[in-house]
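Examination of the molecular architecture
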Amino acid sequence: MQRIGVFVCWCGSNIAGTVDVKAVAEALKNEPGVVFSTDYQYMCSQAGQDIIKNAIKEHNLSGIVVCSCSPRMHEQTFRKTAQAAGLNPYMVEISNIREQCSWVHKDMEKGTEKAIILGKAAIAKVNLNAPLTPGESPVTKRALVIGGGIAGIQTALDIADAGFPVDIVETKPTIGGKMAQLDKTFPTLDCAACILTPKMVDAGQSDKIRIFSYSEVSQVKGFVGNFDVTIKKKARYVKEDLCTGCGLCTEKCPQKKVPNEFNLGMDNRRAIYIPFAQAVPKVATIDADYCTMLKSGKCGVCSKVCTAGAIDYTQKDEYIEEKYGAIVVATGYNPISMDKFDEYAYNQSKDVITSLEFERLTNAAGPTAGKLLRPSDNKHPHTIVFVQCVGSRCANCAEKGKEYCSKICCMYTAKHAMLTRDKYPDTDVYVFYIDVRTPGKSFDEFYRRAVEEYGVHYIKGMVGKIAPEGDVLKVQASDLINNKQIHIDADLVVLAAAIEPDKSARPLATMLTASMDTNDFFTEAHPKLRPVESPTAGVFLSGACQGPKDIPETVAQAGAAASKVIGLLAKDKLMGNPCVAHSNELMCNGCSSCERVCPYGAITYSDKEFRMPDRTVAIRRVASVNEAVCQGCGACTVACPSGAMDLKGFANNQIVAEVDAICK
Amino acid sequence: MQINGEFKPLIVAFCCNWCSYAGADLAGNNRLAYPENVKIIKVPCSCRVNPMFILRAFQRGADGVIICGCHPGDCHYTSGNYYTRRRMSLLFSMLNFLGIEKERTRVEWVSAAEGAKFAATMNEFTEAVAALGENKRLEDLRCKR
Ligand SMILES: Cc1cc2nc3c(=O)[nH]c(=O)nc-3n(C[C@H](O)[C@H](O)[C@H](O)COP(=O)(O)OP(=O)(O)OC[C@H]3O[C@@H](n4cnc5c(N)ncnc54)[C@H](O)[C@@H]3O)c2cc1C
Ligand code: FES
């Protein structure tokens, strides 16, 4: 039997105004287990806490009930008070008689009556409380960043800056992500490479950062503070430590007809390649799909010209195992495929391009060395039509587009239009839009400059059809403001394609047990208050993998994610939440119901030996909960058909006792 | 429950810790009144509510039971309220067979910012349950005082 103390707070007149606190303290004296009951003006004050501490010692209390304000206010306070007096902090229950009683009721008699019942419920619960101790686990002081775009780079740099080692895993042969492909960046129009490549170099040279390029995460086990990750280093047939990045092999390779993905297929590269001049690591990679040597054993030119002896045609995929305390997901985004948008003739005409292709066409390092030329005939286009929201905000076209706003397209289209008019004042530039959304800092001013200073024709309305005819593109569109149909003969059409999360994000989320929304963007632990944490402890989010973002927002989030990681890695030990599920192995029948509903993958099964009443030994498959991973939601307790799963601190019998006390 | 000859339905409200319990607190902060006979039980997540708890409440004399959780998509544990929604629609669909009008139970999404919604929901639910009268069917007379 517990020895329970009850402490009724007046909260000045906040509670005492509507609840007869003395009557409550008096009434609760006779409840089972209660050996002491009192009231005081302010229980949370030093004097009030002293009353509690003294009573615990004097009456040898094993549990206490504080009838006061919401546990969200002072549960921690009273737990500490109890602990200071030698009581387990989880032997404290709060009865919320302020927010949920005195403040919402006016009648003294009824308020008092309710407060007594709420007190009884808390007493009934604390009678069944057991001391709980949070589990402790050590923290591996190393972070993993998955994805090496601007988000991943910034997060890694910030973590390294605080002195912790970080690894970046990037699927491509180089870090840099989409930003490396951009030309100039809104709203300031500084060149993307000029602000990105120094960061790439910093990451490459930092003694705290290791870059696993051309690599993928293939397995994740463990939990916050203690992740075990397997990284697959794909064979690039070049020894990274020997390659100097001189580029001779990429000039001599006879296989010249490989579509260059960095320029989105608008020109070709060799079978051995370095994606771009500022790549980090600056190491060549052999594309096994095109290399004649790897396919037929005849060639070997690169190996002959490489003075460093870096080529290794026998290289195999390598698996590296490493431990991490925290994982940051920064897998970014991709423009959606235009295959299903027949009305825009993307697949019929080379002169219908996406905005990312436009970035490459205007980039000095791109396929046209920065000259704006039509892909079909390399002529300078005089009339350019930009189409916004291609596949974005598409509520009724879920099979080809996205319901959400891709957020960045209004701004980059304004940028493209403005830069075109700036460099080629003889071009006519039209932008078709549903709305122009420019809520960032200096964004609206930027858009207005495009219209007012640069004379870009913004037309509210959607393009209905684009038909290639001879060497022009017949654009049919509606002008919603003047309520008329418009026909434009364009030389080039640029589609602002919606963006979507990288395809690899979904399997990665499953590996990490991190949750995603219906669009496969990673979800945050709380949309407002915990925007860079995933609901899975120890997994953090950075950049466009969490939702469409421009660079300023990406960098801000990258820094925020880094600071969360640093906060975690700075700890030597992690204290868990002791209110976790546990399974009664004698009752568990190994059905997996609990495992299926667990959002965290906290439940595992193992075969255990049980001594049966007839002295035989039976081996049964039973569930066990990893307390460091369990977050204590209780989903499993309800799913369990045999009643083997229960939740500490919110046990079945405790909740039933509360129900009984209230309904008596 | 009869008070001075007047029927006041006894309502048990299960509130998840992260949204709805905080919503109830906000109703308190804003002094938004609702009937005294609504009694809140805190659970970590709406998915912690075992259908058994609801039946137990009815058995012990509750006239209505309401489960409040975070809005879909906002559950602190990601998917808990989806489990709740499914489990409860299953339970509710069977209540009529037990002789309990299914209108005596309800699932509502109340966020931490919706104090007004919490109070309004409690007022409205109490009224709806009051209209149904006392819950007698499942009450186990042996358990009564
Ligand atoms: C046409 C266009 C123009 C733009 N112009 C501007 C502009 O002017 N100003 C501006 O602020 N923003 C602009 N943006 C937006 C900008 O590109 C993004 O904000 C930024 O690139 C987001 O960075 P990120 O690191 O989150 O994603 P990304 O740049 O997509 O980087 C993600 C990285 O992760 C890697 N990766 C993906 N999956 C995995 C995996 N499973 N394992 C390992 N690695 C993986 C990818 O290879 C990539 O390197 C533009 C976007 C487009 C499409
Ligand atoms: S935490 Fe509120 S419903 Fe799950």
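Residues numbered from 1 in each chain as written. Chains lettered and ligands numbered in written order. Predicted model: local features only at pLDDT ≥ 70, side-chain atom pairs only at ≥ 80, totals over all residues. Heavy atoms only, no water.

It is worth spelling out the overall build of chain B at this point. Helix and strand counts for chain B stand at four helices and six strands. When the helices and strands of chain B are placed in sequence order, the string is β-β-β-α-β-α-β-α-β-α. Since a compact globule built from 145 residues should have a radius of gyration of about 15 Å, the 15 Å found for chain B is in line with a globular shape. Here chain B holds 145 residues, and the buried ones make up 58% of them. About 6000 Å² of surface is accessible on chain B, with carbon and sulfur atoms providing 53% of the total. (Helix = DSSP H or I, 4+ residues; strand = E, 2+ residues; numbered from the N terminus. Rg over C-alpha atoms; globule rule 2.2 N^0.38 Å. Buried < 20%, exposed > 50% of the residue type's maximum accessible area, 1.4 Å probe, protein only. Areas by Shrake-Rupley, 256 points an atom, 1.4 Å probe, with all protein chains shown as cover.)

Take the state of the cysteines next. Applying the stated criterion to the full structure yields one disulfide over all chains. Bridging Cys191 of chain A to Cys194 of chain A, the disulfide has an S-S length of 2.0 Å. Handedness of the Cys191 of chain A-Cys194 of chain A disulfide follows from its S-S torsion of about 95 degrees: it is right-handed. Among the cysteines around Cys633 of chain A, which has no disulfide bond, Cys47 of chain B carries the closest sulfur, lying 4.1 Å off. (Disulfide = S-S within 2.5 Å.)

Moving on, we get to the interface of chain A and chain B. Each partner contributes to the interface: chain A provides 46 residues, whereas chain B provides 45 residues. Regarding the contact of chain A and chain B, the summed buried area is about 3900 Å², with carbon and sulfur atoms giving 60% of it. The three residues of chain A that bury the most area against chain B are Gln100, Val638 and Cys663 of chain A, which together make up 15% of that side's buried surface. Summed over the shared surface of chain A and chain B, the result is four salt bridges. For Asp646 of chain A, the salt bridge identified is with Arg48 of chain B, shortest N-O distance 3.3 Å. Secondary-structure elements contributing two or more residues to the side of chain A that touches chain B are helix H4 (71-84), helix H5 (98-102), helix H6 (108-126), helix H17 (593-597), helix H18 (635-639), strand S34 (645-647) and helix H19 (652-663) of chain A. When residues in the side of chain A that touches chain B are grouped by element, the largest group, eight residues, is from H19 of chain A. Considering only residue class, the side of chain A that touches chain B consists of 22 nonpolar, eleven polar and 13 charged. (Contact = heavy atoms within 4.5 Å. Buried area = accessible area lost by both parts, 1.4 Å probe. Salt bridge = Lys/Arg side-chain N within 4 Å of Asp/Glu carboxyl O. Nonpolar A, V, L, I, M, F, W, Y, C, P; charged D, E, K, R; others polar.)

The share of residues in chain B with pLDDT of 70 or more is 90%, and the mean pLDDT across the chain is 89. Among the prediction metrics, the complex's ipTM stands at 0.94, with pTM recorded as 0.77. (pLDDT = per-residue confidence, 0-100.)

Right, let's talk about the sheet that holds strand S6 (residues 143-146) of chain A for a bit. Residues and elements named next belong to chain A. Strand order across the open sheet formed by five strands is S10-S7-S6-S18-S29, with parallel pairing between neighbours. Edge strands, defined here as strands with exactly one partner in the open sheet, are strand S10 (209-212) and strand S29 (539-541). This sheet shows a mean twist of 20 degrees between the axes of neighbouring strands, independent of strand direction. Examined bridge by bridge, S6 and strand S18 (residues 326-329) share four bridges and lie parallel to one another. Each bridged residue has a counterpart across the sheet, and for Ala143 the counterpart in S18 is Ala326. Its contacts with the sheet put helix H7 (residues 150-161) on S6, strand S7 (166-169), S10 and S18, and the angle it makes with S7 is roughly 170 degrees. (Pairing = 2+ DSSP bridges. Axes fitted to C-alpha atoms, helices over the stretch in contact; angles between N-to-C directions.)

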